[in-house]
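# Fold and contact review
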Amino acid sequence: MQTLYSRRGTGMLSKHPRERLIQQLRTQGISNPDVLEVMRTTPRHLFVDEALSSHAYANHALPIGYGQTISQPYIVARMTEALLSQGYLEKVLEVGTGCGYQTAVLAQLLDKVYSVERIKNLSEKASKRLKLFGLDNVQLCHSDGHWGWAEHAPYQGIIVTASPKNVPEALLDQLALGGCLIIPVGPRGGQVLLKIIRTRTHYEQYTLEHVSFVPLREGLS
Ligand code: SAH
């Protein structure tokens, strides 16, 4: 595992807010040391507007423009940990690139990350940011994630960072045998985070916890 600290130096802010955040994540039950280390070293303040950078290591979501948010660090850690609990994952698809923070976390832990985003400006900004960090194992696409990304399927893992009403069929189809889909489902105020495993005969579904994500929208913007 090569973290952004080891690639790019320590970043600009004091380490204390980051250490405090990692302590909070531990208290909230995140225990995978690789996930905690990557969350500690990834400069979240560089994924939000400069005006918000002093809030970047608080454990909550922040606006990233276009009515969208960068997910709460706890949720990023929780989803990443749930995904990694399935063992080695060669290829992972993320739906909802947003500012690219979750993408950057995944890219430091996995061999290859594909990520789709329906808002062109967000996708382009994320692409520049991830290139700047030297994360060259990421491929982004401006597309509607309801369709997944068939060209690179099947995926051992799929992570969805916006909430549909129901699990999109294409994502189930593009999951490899034994693969794991982490997805919030349901309307605002009634969403649950699901972990779905594809077996030879069926899909096993586990409810992880109640969550609050922006909606997964149809079409491009
Ligand atoms: N992964 C981000 C979370 C971004 S919020 C992070 O690290 O914080 C969710 C993102 O999903 C938004 O950017 C939103 O535009 C995007 N989104 C919503 N519906 C989508 C769809 N159908 N296809 C792809 N992206 C979608």
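As shown above, the structure is provided for reference.
Residues numbered from 1 in each chain as written. Predicted model: local features only at pLDDT ≥ 70, side-chain atom pairs only at ≥ 80, totals over all residues. Heavy atoms only, no water.

### Considerations on unusual backbone geometry
- Across the junction of Ala-153 and Pro-154, the peptide omega takes the value 5°, indicating a cis bond.
- Phi at Tyr-66 is positive, roughly 60°, even though this residue is not glycine.
- With respect to the helices and strands, the residue Tyr-66 is situated in the loop between strand E1 (62-65) and strand E2 (68-70). (Helix = DSSP H or I, 4+ residues; strand = E, 2+ residues; numbered from the N terminus.)

### Side note on the environment of Tyr-203
- Along the chain, Tyr-203 falls in strand E9 (residues 203-211).
- Residue classification places Tyr-203 among the partly exposed positions, given a relative accessible area of 32%.
- Put simply, Tyr-203 and Leu-181 are 22 residues apart on the chain and 9.9 Å apart in space, counted from C-alpha to C-alpha.
- If we skip the residues at most four places from it in the chain, Tyr-203 touches Leu-172, Asp-173, Leu-175, Ile-196, Ile-197 and Arg-198.
- Here the side chain of Tyr-203 touches Leu-172 through a polar contact of 3.0 Å, landing on its backbone oxygen.
- Here the side chain of Tyr-203 touches Arg-198 through a polar contact of 3.4 Å, side chain to side chain. (Buried < 20%, exposed > 50% of the residue type's maximum accessible area, 1.4 Å probe, protein only. Contact = heavy atoms within 4.5 Å. Polar contact = N/O pair within 3.5 Å; in protein donor to acceptor, adjacent residues only side chain to side chain.)

### Re the pairing of E9
- Here strand E8 (residues 191-198) runs beside E9; their pairing, made up of 8 bridges, is antiparallel. When the sheet's bridge partners are listed, Ile-196 is paired in E9 with Gln-205.
- Counted along the chain from E8 to the antiparallel partner E9, the turn is 4 residues long. (Pairing = 2+ DSSP bridges.)

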